Amino acid sequence: MVSDFRKRFWVSLVVTIPVLLLSPMIQNFMGFELTFRGSSFLLWLLSSFIFFYGGLPFLRGVFSELKKHNPGMMTLIALAISVAYVYSSLVVFGFRGKFFFWELTTLVDIMLLGHWLEMKSVLGASRALEELVKILPSEAHLLLDDNSVKEVPVSALKPGDLVLVRPGEKIPIDGEVVEGHSSVNEAMLTGESKPVEKAPKDKVIGGSVNGEGTLKIRVSKTGKETYLAQVIELVQKAQETRSRTQDIADRAALWLTVAAIVAGLSTLISWLVSGADFAFSLERMVTVMVITCPHALGLAIPLVVAVSTNISARRGLLIRDRTAFENAKDVEAVVFDKTGTLTEGKFGVTDIIPFDKGLNSEEIIGLAASLEVFSEHPIAQGIVREAKNRGQKLVEVKDFRYFPGKGVEGNIGQSTYRIVSLTAFLRDKRGNNIPETIQKVAEEGKTVVILLQGDEPVGAIALADIVRKESREAVSMLRKLGKKVMMLTGDSRSVARWVAKELDLDEFFAEVLPHEKAEKIRELKGRGLKVAMVGDGVNDAPALVEANLGIAIGAGTEVAIEAADIVLVKNDPRDVVAIFELSRHTASKMQQNLLWATGYNVIAIPLAAGMFYSFGILLSPAVGAILMSLSTIIVALNAQNLKSKLSRRV
């Protein structure tokens with residue numbers, strides 16, 4: 001369509017030059033005369049060519065609109081140029097009046113130029129799918145049984161195939177690393193700006209860019225099952241879903257079309273009654289019809305939808321329900337699932353408590369990690385992780401022993417050290433040796449282990465499901481947006497209270513079973529709150545469905561989560577804030593476009609009708625067409641501005 005309008009514009013523009021030279025009004029204005037036998041007929045032929053060739057898209061469009069019982073822009077343009085052409089043709093063949101050809105041809109030229117520029121803007125706004133498709137390479141390096149490499153189309157790959165990805169190349173398909181280490185840039189797919197380290201057993205996404213290392217990848221998903229294919233499908237559905245605001249715009253466009261026809265006929269009759277000649281009155285009617293075209297109104301919403309969908313998809317914010325997304329700006333309370341959403345879902349050290357036995361915190365964590373390094377228990381792994389984060393060097397442990405349900409023991413240097421649970425320690429009636437600090441952390445629901453040197457307790461380590469650093473930032477940002485922030489968890493009240501205190505939440509619900517989460521959401525809605533639920537999309541599914549807005553977070557490559565309205569690829573609570581920001585700014589752009597597309601007619605229609613003629617202000621149909629085209633281009637550029645406005649925020 002872009003190339004078609006471009007070609008028709010340039011051809012019509014070239015033919016318009018002799019039309020202008022042969023038009024009596026232009027000759028009078030420029031002070032020259034160019035008449036010869038048959039010049040009027042030649043003027044008609046050239047104008048007829050522009051009317052039928054340049055005006056063909058509009059003449060075709062009117063039939064399409066009338067067939068759908070939805071007259072709009074094409075109807076008005078076709079009516080305007082047809083009236084001008086028929087009247088001027090009658091004058092050529094004897095009807096009393098004056099030619100209207102130069103106005104007709106320039107009107108067609110301007111409308112073609114406006115549509116050409118507008119289509120370029122629409123194409124730029126709606127290019128999300130095309131850009132996503134381009135991300136995936138077309139070929140892959142298939143590893144054969146003899147370790148040779150064969151170039152094959154990506155479409156030929158099957159689950160289980162091994163592919164080789166060299167440094168700097170795009171990963172061709174979803175799979176799992178079987179050999180090699182590298183950093184992978186997933187920014188184009190998930191919005192994660194920092195390269196992600198990949199090692200054997202890590203999953204990779206087709207379309208991401210390999211860094212410095214060579215990777216061997218086993219294909220796990222192909223075709224429609226791949227992450228990118230699912231994203232493309234979600235984007236397509238989101239763009240095809242009608243916006244609630246679009247329905248309002250469509251109704252307004254229909255009424256504006258009716259108003260344009262009524263205003264045009266009223267203008268014609270008014271000027272005729274006031275004594276103006278028919279040509280002048282007709283020119284005013286045509287200008288009113290052209291300038292009142294609801295084209296900008298028809299594009300106001302779809303362009304914003306296309307741009308916002310593009311932005312969200314490229315940042316790992318996948319919209320499944322357009323209406324729910326548009327209503328996100330109205331959410332008053334955000335309820336997070338705790339484990340794996342606000343917290344990391346794994347044990348981490350929160351407190352190290354010395355017992356005044358000569359050992360400091362660093363020594364306690366170093367000794368404990370040395371004992372626990374061979375254990376696969378989550379608590380042991382949390383202790384070892386903390387020691388490594390602190391740069392502690394582990395020491396050699398001799399005669400290591402593990403006692404199920406009790407703890408571990410081993411010899412370090414000349415001493416025997418043990419790690420036991422607080423419960424086991426109290427069971428041995430050693431409670432009188434415990435500092436009050438331990439009692440406090442235990443009441444917060446943390447898991448406490450005691451380090452003993454021989455039979456003497458020398459320190460304690462408290463562990464809990466670690467609160468994400470991003471969670472604190474997300475809660476703070478949500479509060480700035482005026483949202484209440486709450487938490488749902490199946491954990492004990494003491495654990496929930498500690499997390500809620502750490503994050504300064506407005507409210508929390510503890511010891512909630514999976515099937516009870518939806519009931520809690522119903523309770524909040526019963527208070528009159530519009531609620532968003534944020535969970536992992538699996539055991540939180542009923543609550544996600546019950547909420548006004550269901551957000552599945554940390555979906556990774558599993559994007560087809562049926563329960564959620566919006567799927568967040570990264571496990572980052574701050575992306576929830578991005579959804580609200582994007583929803584708010586999208587709604588703002590829609591309102592701005594609607595206001596502009598309808599509001600400019602308040603000034604344009606009186607100007608076009610000639611109400612300010614006594615002040616020397618009069619618009620020709622061509623000027624009316626320029627103003628109408630400009631209004632459409634302004635709407636398109638305003639929609640594109642959403643991208644630059646949100647690039648730093650989302």
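Calculation rules
- Residues numbered from 1 in each chain as written.
- Predicted model: local features only at pLDDT ≥ 70, side-chain atom pairs only at ≥ 80, totals over all residues.
- Heavy atoms only, no water.
- UniProt positions renumbered as here; feature names shortened; annotations may be inferred.
- Pairing = 2+ DSSP bridges.
- Helix = DSSP H or I, 4+ residues; strand = E, 2+ residues; numbered from the N terminus.
- Axes fitted to C-alpha atoms, helices over the stretch in contact; angles between N-to-C directions.
- Polar contact = N/O pair within 3.5 Å; in protein donor to acceptor, adjacent residues only side chain to side chain.
- Contact = heavy atoms within 4.5 Å.
- Expected span 1.5 Å × (residues − 1).
- Buried < 20%, exposed > 50% of the residue type's maximum accessible area, 1.4 Å probe, protein only.
- Core = buried A, V, L, I, M, F, W, Y, C linked by side-chain atoms within 4.5 Å.
- Patch = residues over 30% accessible without salt bridge, like charges linked within 9 Å, V, L, I, M, F, W, Y side chains within 5 Å.
- Areas by Shrake-Rupley, 256 points an atom, 1.4 Å probe, with all protein chains shown as cover.
- Salt bridge = Lys/Arg side-chain N within 4 Å of Asp/Glu carboxyl O.
- Parallel < 35°, antiparallel > 145°, perpendicular 65-115°, else oblique.
- Nonpolar A, V, L, I, M, F, W, Y, C, P; charged D, E, K, R; others polar.
- Phe/Tyr/Trp six-rings, centres within 6.5 Å; stacked < 30°, edge-to-face > 60°.
- Lys NZ or Arg CZ within 6 Å of the ring centre and 35° of its normal.

Under an unreviewed UniProt entry, the name given to the protein is Heavy metal translocating P-type ATPase, and the organism recorded is Thermatribacter velox. What UniProt records for the protein under Sequence similarities (unreviewed entry) is the sentence "Belongs to the cation transport ATPase (P-type) (TC 3.A.3) family. Type IB subfamily." We quote the UniProt Subcellular location (unreviewed entry) comment for the protein here in full: "Cell membrane".

**Q** I would appreciate a short explanation of the sheet that holds strand β22 (residues 566-568) in the present structure.
**A** In sheet architecture, strand pairing relies on hydrogen bonds along the backbone and comes in two forms, parallel and antiparallel. Across the sheet, which stays open at both edges, the seven strands sit in the order β10-β22-β21-β20-β11-β18-β19 with mixed pairing between neighbours. Either end of the sheet is taken by a strand with one partner, and the two such strands are β10 (317-319) and β19 (507-509). Across the sheet, the axes of successive neighbouring strands diverge by a mean angle of 20 degrees, strand direction being ignored. In this structure, β10 lies alongside β22, joined through three bridges in antiparallel fashion.

**Q** What's the story with the environment of F278 in this structure? I'm lost.
**A** Turning to its location among the elements, F278 is positioned in helix α11 (residues 278-291). The spatial distance from the C-alpha of F278 to the C-alpha of L268 is 8.2 Å, given a sequence separation of 10 residues.

**Q** It is not clear to me how the side chain of D572 should be interpreted in this structure. Could you clarify?
**A** As for its placement among the helices and strands, D572 is situated in the loop between β22 and α23 (574-609). A polar side-chain atom of D572 sits 2.8 Å from a polar atom in the side chain of R574. Leave out the neighbours within four places in its chain, and D572 touches E470 and I553.

**Q** Could you clarify how one ought to interpret helix α4 (residues 56-67) in this entry?
**A** One turn of the α-helix equals 3.6 residues, which is why residues spaced by three or four share an orientation. Over its 12 residues, α4 runs 17 Å from end to end, which matches the ideal 16 Å to within 8%, given 1.5 Å per residue. Inspection of α4 places P57, F58, L59, G61, V62 and E65 among the buried residues, and these make up the whole buried set. Positive phi shows up at H69, right after α4, with a value of about 55 degrees.

**Q** Looking at this model, I keep getting lost on the environment of I461. Mind explaining?
**A** Topologically, I461 is positioned in strand β17 (residues 456-467). Classification of I461 by relative accessible area gives buried; the value is 2%. Through-space distance from the C-alpha of I461 to that of T350 is 7.8 Å; in sequence the pair is 111 residues apart. Setting aside chain neighbours within four positions, we find I461 in contact with V349, D351, I364, I365, A368, I383, T447, V448 and V449.

**Q** Just to check I follow, could you spell out the nonpolar core for this structure?
**A** The nonpolar side chains of a soluble globular protein tend to be buried with one another. One finds V334, F336, L505, L549, L568, V576 and F580 to be the most contacted residues of the largest nonpolar core, which totals 49 residues. At eight residues, α23 tops the list of elements feeding residues into this core. Among the nonpolar cores identified, the runner-up in size contains 38 residues, and M74, W116, L282 and M289 belong to it.

**Q** Where do I start with a nonpolar patch on the surface in this structure?
**A** Side chains of I17, L21, F29, M30, F32, L34, F36, F41, L42, L45 and F93 sit close together on the surface and give an oily, nonpolar patch of about 1,100 Å² of accessible area. Of all the secondary structure elements, the ones that give two or more residues to the nonpolar patch are α1 (2-22), α2 (24-30) and α3 (39-54). Considering each element in turn, the nonpolar patch owes the most residues, three residues, to α3. Locating L34 in the fold gives a position in the loop between α2 and α3. Note on L34: relative accessible area 34%, which makes it partly exposed.

**Q** Would you explain the side chain of D161 in this entry?
**A** As for its placement among the helices and strands, D161 is situated in the loop between β2 (149-153) and β3 (162-165). A polar contact is formed between the side chain of D161 and the backbone nitrogen of K158, at a distance of 2.8 Å. Those residues in contact with D161 that sit more than four places away from it in its chain are L142, A156, I217, R218 and V219.

**Q** Explain the packing of helix α19 (residues 469-480) against α23 to me, please; I cannot follow it from the model alone.
**A** How two helices sit against one another is set out by the angle between their axes and by the gap between those axes. One way to put it is that α19 packs onto α23 with a least axis distance of 8 Å and a crossing angle of 25 degrees. In terms of orientation, α19 lies roughly parallel with respect to α23. Residue-level inspection shows E470, E473, A474, M477 and L478 of α19 in contact with α23, the latter providing R574, V577 and F580. Residue composition of the contact of α19 with α23, by class: five nonpolar, no polar and three charged.

**Q** It is not clear to me how the UniProt feature "transmembrane region" (unreviewed entry) in the protein should be interpreted in this structure. Could you clarify?
**A** Feature annotation in UniProt assigns "transmembrane region" (unreviewed entry) to the following positions: residues 41-63, 75-93, 99-117, 252-273, 285-307, 594-613 and 619-639. In residues 75-93, the share of helix is 95% and the share of strand is 0%. The end C-alpha atoms are 27 Å apart. Secondary structure content for residues 594-613 is 80% helix and 0% strand, and the end C-alpha separation is 29 Å.

**Q** Whenever I open this one, the packing of aromatic side chains confuses me. Can you help?
**A** In this description, a pair of aromatic rings is defined by centroid distance and the angle of the planes. On inspection of all chains with the given rule, the structure shows 13 aromatic pairs. Ring geometry for F51 and Y85: centres 4.3 Å apart, planes at 5 degrees, overall stacked. In this pair, F51 is assigned in helix α3 and Y85 in helix α5 (residues 73-92), connecting sequence segments 34 residues apart. The two residues F51 and Y85 agree in class, both being buried. Their ring planes at 45 degrees and their centres at 6.4 Å tell us that F612 and F615 sit as a pair that is tilted. Among the aromatic residues, those joined into a ring-pair cluster are F41, W44 and F93. Above the plane of the ring of Y53 lies R8, whose end atom (NZ or CZ) is 4.9 Å from the centre.

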